[in-house]
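So you can see what is in the structure, the chains are spelled out below.
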Protein chains: 2
Amino acid sequence: MNEYQHMSFMQLAYEQAEIAYSQGEVPIGAVIVKNNEVIASAYNQTEHHQNPIGHAEILAIERAATILQTRRLTDCTLYVTLEPCAMCAGAIVLSRIPIVYFASKDAKAGAVHSLYELLNDTRLNHQCKIHAGLMHEECSTLLSMFFKQLREGHIAKTHQHRQNREE
Amino acid sequence: MNEYQHMSFMQLAYEQAEIAYSQGEVPIGAVIVKNNEVIASAYNQTEHHQNPIGHAEILAIERAATILQTRRLTDCTLYVTLEPCAMCAGAIVLSRIPIVYFASKDAKAGAVHSLYELLNDTRLNHQCKIHAGLMHEECSTLLSMFFKQLREGHIAKTHQHRQNREE
């Protein structure tokens, strides 16, 4: 794949993040691609279902595994708009995704470069090829806009406790 | 709660692990307790549904969040028969479980004491009180028996690739 194609898949992840935004969820999106085709896409849904597991990457991995009928996503690439947290990085390792593109770094909870390097730990039995930074300006701007609106009271109060944690 | 009560909850987690064993799944079980009552229990189900996310802790957390209708399990205690991996430790942090009992250490993938100390990382905005070792002999014996049977061909071949990874 060339850079334009990677960009187009990250654009799709971004559009998933926009859907999250429109639903009052922290705007993070993910897509999983195999053989140049999107096989699963998802956006953060922790608030709506009050599910702490409902991060975009987790939902996309579950959907891809269901569609491919295997828990080993060995020929897949994950595109996600924010650096995965420890839970999601752990899920990436368990599902054996070999290539991960993420847009923005997450200095507070990122487990790929920022706090941990879970996807490059040779003690675990899977490591990933990581590409960081594609569309990071768009993706981080979307997050900033969301948290600004949250502070200003334009997003439902159920999100207030996330503000302290995630911004 | 006294030690006997903690033991009785770990016993329930162990019984969940036994159900996993009987279904040909790697035998790991978890229960979540609130106000001295079990509100969710689960066992590892990665094989049956081919779901890389289907660890006992993840399933128990999702069930508890659904039952309590909140993604913050702030008054709950988790009992699990094996040291949580990075994915599950990350989920414990995200769900704000304050107290975790685990039985056996996992030298290859444990993210509480063995490879990482995710539940004690003050850079994250949640830390847990951790109790390790309760019923560790019973729980590790169950795992050893499972992998022995796997090697001897008494468990379906779909598990063969796990043998290299998890034993």
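Residues numbered from 1 in each chain as written. Chains lettered and ligands numbered in written order. Predicted model: local features only at pLDDT ≥ 70, side-chain atom pairs only at ≥ 80, totals over all residues. Heavy atoms only, no water.

A. Local environment of the relation of the copies chain B and chain A. With an RMSD of 0.0 Å, chain B superimposes on chain A once it is rotated by 180° and translated 0.0 Å along the axis. Each copy turns onto its partner about a two-fold axis. Minimal C-alpha distance to the rotation axis in chain B is attained by M87(B), lying at 1.9 Å. Interface overlap between copies is the fraction of interface residues in one copy that are interface residues in the other; for chain B against chain A it reaches 100%, indicating a shared surface. (Least-squares fit on C-alpha atoms with pLDDT ≥ 70 in both. Contact = heavy atoms within 4.5 Å.)

B. Broad picture of the sheet that holds strand 2 (residues 37-43) of chain A. All names here are of chain A. The sheet built from five strands is open, its strands ordered 2-1-3-4-5 with mixed pairing. What marks the edges here is a single partner per strand, and that holds for strand 2 and strand 5 (129-132). Averaged over neighbouring strand pairs, the angle between their axes works out to 15° when direction is ignored. The pairing of strand 1 (residues 29-34) with strand 2 spans six bridges and is antiparallel. Its bridge partner lying in strand 2, G29 is registered against Y43. (Pairing = 2+ DSSP bridges. Helix = DSSP H or I, 4+ residues; strand = E, 2+ residues; numbered from the N terminus. Axes fitted to C-alpha atoms, helices over the stretch in contact; angles between N-to-C directions.)

C. Main features of helix 2 (residues 56-68) of chain A. All names here are of chain A. A rise of 1.5 Å per residue sets the reference length of helix 2, with its 13 residues, at 18 Å; its end C-alpha atoms lie 18 Å apart and thus fit the reference within 8%. Among the residues of helix 2, A56, E57, I58, L59, A60, I61, A64 and A65 are the ones counted as buried. Next to the buried residues of helix 2 lie strand 1, strand 2, strand 3 (76-82) and helix 3 (86-94). Count one or two residues on from helix 2 and you reach Q69, which has phi positive near 55°. (Expected span 1.5 Å × (residues − 1). Buried < 20%, exposed > 50% of the residue type's maximum accessible area, 1.4 Å probe, protein only.)

D. Layout of the packing of helix 2 of chain A against helix 3 of chain A. Residue and element names in this part refer to chain A. Following both chains from N to C, one finds helix 2 and helix 3 inclined at 25°, their axes separated by 9 Å at the closest point. Relative to helix 3, the element helix 2 is oriented roughly parallel. Of the two possible hands of crossing, helix 2 and helix 3 adopt the one that is left-handed. Across the interface between the two elements, E57, I58 and I61 from helix 2 touch M87, C88, A91 and I92 from helix 3. When grouped by side-chain class, the residues that make up the contact of helix 2 with helix 3 number six nonpolar, no polar and one charged. (Parallel < 35°, antiparallel > 145°, perpendicular 65-115°, else oblique. Left-handed = near helix turned anticlockwise from the far one by under 90°. Nonpolar A, V, L, I, M, F, W, Y, C, P; charged D, E, K, R; others polar.)

E. Quick peek at the interface of chain B and chain A. Each partner contributes residues to the interface: chain B has 36 residues there, and chain A has 36 residues. Interface of chain B and chain A: buried area, both sides summed, is about 3100 Å²; carbon and sulfur atoms make up 60% of it. Summed over the shared surface of chain B and chain A, the number is two salt bridges. The closest approach of N and O atoms between E47(B) and R71(A), which form a salt bridge, is 2.5 Å. Of all the elements in the fold, those that place two or more residues in the side of chain B that touches chain A are helix 2 (56-68), helix 3 (86-94) and helix 5 (160-166) of chain B. A total of five residues in the side of chain B that touches chain A trace back to one element, the largest contributor, which is helix 3 of chain B. Counted by class, the side of chain B that touches chain A contains 15 nonpolar, ten polar and eleven charged residues. (Buried area = accessible area lost by both parts, 1.4 Å probe. Salt bridge = Lys/Arg side-chain N within 4 Å of Asp/Glu carboxyl O.)

F. Geometry of the packing of aromatic side chains. Taken as a whole and assessed by the stated rule, the structure comprises nine aromatic pairs over all chains. On the basis of an interplanar angle of 40° and a centroid distance of 5.4 Å, the ring pair of F9(A) and Y79(A) is categorised as tilted. Residue F9(A) is located in helix 1 (residues 3-22), and its partner Y79(A) is located in strand 3; the two are separated by 70 residues in the primary sequence. Grouping residues by exposure puts F9(A) and Y79(A) together as buried. Each ring, one from Y79(B) and one from Y101(B), has its centre 5.0 Å from the other, and the planes form 15°; the classification is stacked. Here Y101(B) lies in strand 4 (residues 99-104) and Y79(B) lies in strand 3 (residues 76-82), a separation of 22 residues in the sequence. Grouping residues by exposure puts Y79(B) and Y101(B) together as buried. Site record: aromatic cluster; members linked through ring pairs are F9(A), Y79(A) and Y101(A). Over the ring of Y116(A) we find R123(B); its NZ or CZ atom is 5.1 Å from the centre of that ring. (Phe/Tyr/Trp six-rings, centres within 6.5 Å; stacked < 30°, edge-to-face > 60°. Lys NZ or Arg CZ within 6 Å of the ring centre and 35° of its normal.)

G. Focus on the nonpolar core. Membership of the largest hydrophobic core comes to 121 residues, with the highest contact counts inside it found for I32(A) and I32(B). Setting aside its immediate chain neighbours within four residues, I32(A) contacts E37(A), V38(A), I39(A), A40(A), A60(A), I61(A), A64(A), L73(A), C76(A), T77(A), L78(A) and I97(A). (Core = buried A, V, L, I, M, F, W, Y, C linked by side-chain atoms within 4.5 Å.)

H. The pairing of strand 4 (residues 99-104) of chain A, seen in detail. All names here are of chain A. In terms of burial, strand 4 is largely enclosed, as five of its six residues are buried. A crossover links strand 3 with its parallel partner strand 4, the connecting element being helix 3, and its sense is right-handed. In this structure, strand 4 lies alongside strand 5, joined through four bridges in parallel fashion. By the bridge assignment for strand 5, I99 is matched with K129. (Right-handed = clockwise from strand over helix to strand, strands pointing away.)

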